[in-house]
Amino acid sequence: MVTARYTKNPVGAHYGLGNWLLQRTTAVVMAVYTLLAGGYVLWRAPASYADWKALFGAGFFRLATMLFLVALLYHAWIGMRDILIDYLHGTGLRFTAQFAVAVVLVFYLIWAAAILWGVPA
Amino acid sequence: MPPELESTIVPKVTTKNMSAAPKPRPKYYDLNLAHLWPPALLSILHRGTGLVLFFPLLPLGLYILQTSLASEAEFARWHELLHHPVAKVAIFLVAWSFAHHFFAGIRYLILDLHVMGSKPAARASALVVLALGLAAAAAVGACLW
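First, a word on scope: everything that follows refers to the structure included in this document. (Residues numbered from 1 in each chain as written. Chains lettered and ligands numbered in written order. Predicted model: local features only at pLDDT ≥ 70, side-chain atom pairs only at ≥ 80, totals over all residues. Heavy atoms only, no water.)

So, unusual backbone geometry
What you tend to see is this: most non-glycine residues have negative phi, and most peptide bonds are trans. Residues and elements named next belong to chain B. Quick reminder of the rule: Here a helix means four or more residues in a row that DSSP labels H or I, a strand means two or more in a row labelled E, and each is numbered from the N terminus. Three exposure classes are used, based on accessible area relative to the maximum for each residue type with a 1.4 Å probe and protein chains only: buried under 20%, partly exposed in between, and exposed over 50%.
Residue Pro56 is bonded to the preceding Phe55 through a cis peptide linkage, with omega at 10 degrees. For Pro56, the position within the fold is in helix α2 (residues 38–70). One non-glycine residue with positive phi stands out, namely His114, at about 60 degrees. For His114, a relative accessible area of 74% translates into the label exposed.

Considering the side chain of Thr67 of chain B
Residues and elements named next belong to chain B. Here is the rule: Two N or O atoms count as a polar contact when they lie within 3.5 Å, although within protein this holds only if one can serve as hydrogen donor and the other as acceptor, and sequence-adjacent residues are included solely when both atoms are side-chain atoms.
The topology assignment puts Thr67 in helix α2. When its relative accessible area of 11% is taken as the criterion, Thr67 is described as buried. Of note is the side chain of Thr67, whose polar atom sits 2.8 Å from the backbone oxygen of Tyr63. A distance of 2.6 Å separates the side chain of Thr67 from the side chain of Trp78, its partner in a polar contact.

Section: the interface of chain A and chain B
Test applied: Note on definitions: a residue-residue contact is assigned when non-hydrogen atoms from the two residues lie within 4.5 Å. Two parts lose some accessible area (1.4 Å probe) when they are put together, and adding that loss for both gives the buried area. Salt bridges, as used here, are contacts in which a Lys or Arg side-chain nitrogen is within 4 Å of a carboxyl oxygen on Asp or Glu. Amino acid classes used here: Ala, Val, Leu, Ile, Met, Phe, Trp, Tyr, Cys and Pro are nonpolar; Asp, Glu, Lys and Arg are charged; the rest, including Gly, are polar.
The partner chain B presents 23 residues to the 32 residues of chain A that form the contact. Summed over both partners, the interface of chain A with chain B comes to about 2400 Å²; 77% of that surface belongs to carbon and sulfur atoms. Across the contact surface, chain A and chain B share 2 salt bridges. With a shortest N-O distance of 2.7 Å, Arg47 of chain B and Asp86 of chain A are connected by a salt bridge. For the pair chain A and chain B, the number of links is 8 residue pairs in polar contact (both at pLDDT 80 or more). Counting only elements with at least two residues in the side of chain A that touches chain B, the list comes to α1 (16–43), α2 (49–57), α3 (59–87) and α4 (91–117) of chain A. It is α3 of chain A that provides the largest number of residues to the side of chain A that touches chain B, a total of 10 residues. Along the lines of polarity and charge, the residues of the side of chain A that touches chain B split into 25 nonpolar, 3 polar and 4 charged.

A short note on the packing of aromatic side chains
Heads up, the rule is: For this analysis, a ring pair means two rings from Phe, Tyr or Trp (six-membered ring only for Trp) whose centres lie within 6.5 Å, classed as stacked if their planes differ by under 30 degrees, edge-to-face if by over 60, and tilted for the remaining angles.
Tallied over the entire structure, the rule returns 14 aromatic pairs over all chains. Between the aromatic rings of Tyr108 of chain A and Trp111 of chain A, the centroid separation amounts to 6.3 Å while the plane-to-plane angle is 45 degrees, which identifies the pairing as tilted. With Tyr108 of chain A and Trp111 of chain A both in helix α4 and 3 residues apart, the pair spans about one turn of that helix. Relative accessible area serves as the criterion here: at 6%, Tyr108 of chain A is assigned to the buried category. The buried category is assigned to Trp111 of chain A, whose relative accessible area is 17%. Through a chain of ring-to-ring contacts, the aromatic side chains of Tyr33, Tyr49, Trp52, Phe56, Phe61 and Phe68 of chain A together with Phe75 of chain B assemble into a single cluster.

Quick notes on the pattern of salt bridges
With the rule as written, the count across this model stands at 3 salt bridges over all chains. Where Arg24 of chain A meets Asp112 of chain B, a salt bridge forms, and the shortest distance between an N and an O atom there is 2.4 Å. Linking Arg24 of chain A in helix α1 with Asp112 of chain B in helix α4 (residues 85–112), this pair reaches from one chain into another. A salt bridge links Glu74 of chain B to Arg77 of chain B, with the shortest nitrogen-to-oxygen separation between them at 3.4 Å. Placement of the pair is Glu74 of chain B and Arg77 of chain B together in helix α3 (residues 72–81), with a separation of 3 residues, close to one helical turn. A relative accessible area of 23% means that Glu74 of chain B is categorised as partly exposed. For Arg77 of chain B, a relative accessible area of 40% corresponds to the partly exposed category.

Here's the deal with the packing of α1 of chain A against α3 of chain A
All names here are of chain A. Which entries qualify depends on this criterion: Note on method: axes are straight lines fitted to C-alpha atoms, helices fitted across the in-contact stretch only, with angles between N-to-C directions ranging 0 to 180 degrees. Small angles under 35 degrees read as roughly parallel and large ones over 145 as roughly antiparallel, with 65 to 115 read as roughly perpendicular and the rest as oblique. In a left-handed crossing the near helix is turned counterclockwise from the far helix by less than a right angle, and in a right-handed crossing that turn is clockwise.
Two elements in contact, α1 and α3, have axes separated by 9 Å at closest approach and are oriented at 140 degrees. Relative to α3, α1 is oriented oblique. Judged by the sense of rotation from one axis to the other, the crossing of α1 with α3 is left-handed. When its residues are assigned to classes, the contact of α1 with α3 shows 14 nonpolar, 7 polar and 2 charged.

Shown next, in the form of structure tokens:
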């Protein structure tokens, strides 16, 4: 007979491993973008406004940049959370700082999308 | 206190440690930044550059992207501004921050795969990463000047 037993887990909320993994997967996404975008700029540096606009006007590059920025924002969230946990003691102070970081990151996300999809034709 | 007087005041411990017990405490670790061994220096610089990349460089980058894409005049303004000697120094520092964070991060990814995890290997790879960050910044500097 199966009996359900309530056991309280004493060691945390268990999103630490997921965060650890996401910090690394987002890093890989950013590294790939950095190498591709960096390589492209070395190969054909956008010297004029027309080049610059054409680069970000291309659908693929726009999507890749947005993917990079989403990865960056999530990566920054995990990194900033680690830093705040290490140096800001006092739950109220730390939660306030984490909340501020989260709000700023969501603002950056919306801002980034507005920039990339608001490029004048 | 002059070092020659030290032995006259501080009694020298000559008792031989006969047991397998750990050495007497307290241990003293010099946490001065200049005395950090390479992996520790790499680590704290990875954290420091990460913080700086989050703020102020991320919003600054988004602002530059937004304004430079907005109009030809704005693009020209940034083009001119970024050729200013002070801006070149700033770009050099940004390049180093990014490069160091990039290479140190790749080193961590490799360590996570349990590759080069021994102490001498980790120390050597830390020195390589510190050098690569500076080399990448130097390469950007060579393009700037």
